[in-house]
Amino acid sequence: MKNIILLTLTMGLFLNCSSTYGDENQKEIETKIPVRTKLLNPEKYIKTSSGMGKVISNQQANLMFEVPGKIIEVIAETGQYFKTGEVIAKLKSDIYKAQFDLAESALKKAKRDFKNVSELFNKNAVSEDQLLQAELGFKKANSDFINAKNAYENTEIKAPFNGTITHIGLQVGEFFSPGPYPIPPVIISNLKQLQLEATISSKDISNININQNVIITNPFNSNSITLNGRVEEVGMIPINMSNSYKIKINLLNPTSEIKLGMMLNYIIEQAELDSVYMISNRYILEENGYSFLWMNDNSIAKKIYISMGDLVKHKVIIKGELYPGMMVVTDGLRQAKEGSNLKVIQ
């Protein structure tokens, strides 16, 4: 009887110990949080500023006749190239030529008269008033000559520099009268010196400097060639008292498909950083206004507080107590707590 009781107590104690050990082992297994991790290493990063701008010519002139008259010849056509000084269009000029010849003759006479009176004045043969009257006549004749010469010369429109006619709105036989026009009668542009004109916010303008490299693409043609550019001009004051500034970018290798007025995308390379940490913002959590990551520290969850910088596509630049090779939790991070046991799964 005693043996039976002793055997029963021994078996009960054994079963109780086995059950306790199993519960503790099961509890340990259950508290290991399954996670996936990502190796964090520094990356090379080029800080950029991007936007869209309009193609303009670095050298462009709006031209028109400065005197009224009948158009007798239009030499230029849109797309035609002209060298400096070549005639683009002409007005009927016979009246202006006659006025010029008359003014030239009058000037010669007035100049001769003033010289003669000056010699007589030096001999006390004429009064000072007569000298001043002759001088006044000479100056008026000279003024009339300059005006007549200017009017006669402006019966022709000439190319002020080597360039291409990008607009022509003159017709032979029409009477031209100088005045404000919605579009200038003639526009000549230097298509060998194209620029991209764009606006940039006050937040980014301080990071834009002359000679920074620029990548330029056509947003409407994915097959177009990527162009290279360089910042040529950076605005010093806001446009119309706004918060935007004007910048100009030289196109270094323009192609024939680039036309004035086209809208192109640009990316300005502001700075190149050799070692920054970037990670998807999906792996970043918030707590009481602070951002942090979960780190897998030898299968233990450890909270790493970070600060966030620029957004680069789907990644964000982060700073904190980071080092190459640290394992960042990417899946299961919302179940983790400080000091939690982690189990990395594939």
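Above this text sits the structure in question.
Residues numbered from 1 in each chain as written. Predicted model: local features only at pLDDT ≥ 70, side-chain atom pairs only at ≥ 80, totals over all residues. Heavy atoms only, no water.

Enquirer: I keep staring at the overall build of the protein and nothing clicks. Help me out?
Expert: The secondary structure content of the protein amounts to four helices and 21 strands. In terms of overall size, the protein is more extended than a compact globule, its C-alpha atoms giving a radius of gyration of 42 Å where 346 residues would be expected to give roughly 20 Å. The dimensions of the protein, computed from C-alpha atoms along their principal axes, are 170 × 50 × 30 Å. Counting across all 346 residues of the protein, residues that qualify as buried make up 32%. Of all intrachain contacts in the protein linking residues separated by at least 6 positions in sequence, the fraction that spans at least 24 positions is 73%. If you sum the accessible surface of the protein, you get close to 22,200 Å²; carbon and sulfur atoms cover 52% of it. Taken as two groups, the 38 positive and 36 negative side-chain charges of the protein have centres that lie 2 Å from each other. (Helix = DSSP H or I, 4+ residues; strand = E, 2+ residues; numbered from the N terminus. Rg over C-alpha atoms; globule rule 2.2 N^0.38 Å. Buried < 20%, exposed > 50% of the residue type's maximum accessible area, 1.4 Å probe, protein only. Contact = heavy atoms within 4.5 Å. Areas by Shrake-Rupley, 256 points an atom, 1.4 Å probe, with all protein chains shown as cover. Lys, Arg positive; Asp, Glu negative; His and termini not counted. Charge placed at Lys NZ, Arg CZ, Asp CG, Glu CD.)

Enquirer: Help me understand the packing of aromatic side chains, please; the structure alone is not making it clear to me.
Expert: Each pair of aromatic rings is reported with the distance of its centres and the angle of its planes. In total, this model carries eight aromatic pairs according to the counting rule given. Centre to centre, the rings of Phe100 and Tyr152 are 5.7 Å apart; their planes meet at 20 degrees, and the pair counts as stacked. With a gap of 52 residues between them, Phe100 in helix 2 (residues 94-122) and Tyr152 in helix 3 (residues 128-153) connect regions that are remote in the sequence. Plain terms: the ring middles of Phe292 and Trp294 are 5.6 Å apart, the flat faces sit at 85 degrees to each other, and that makes the pair edge-to-face. The pair Phe292 / Trp294 is uniform in exposure class, with both members buried. (Phe/Tyr/Trp six-rings, centres within 6.5 Å; stacked < 30°, edge-to-face > 60°.)

Enquirer: Just to check I follow, could you spell out unusual backbone geometry for this structure?
Expert: The general pattern is negative phi for most residues beyond glycine and trans for most peptide bonds. You will see that Asn124, though not glycine, has its phi angle at about 60 degrees, which is positive. Mapped onto the elements of the fold, Asn124 is located in the loop between helix 2 and helix 3. Judged by its relative accessible area of 71%, Asn124 is exposed. Positive phi, normally seen in glycine, also occurs at Ser299, with a value near 70 degrees. For Ser299, the position within the fold is in the loop between strand 17 (290-297) and strand 18 (300-312).

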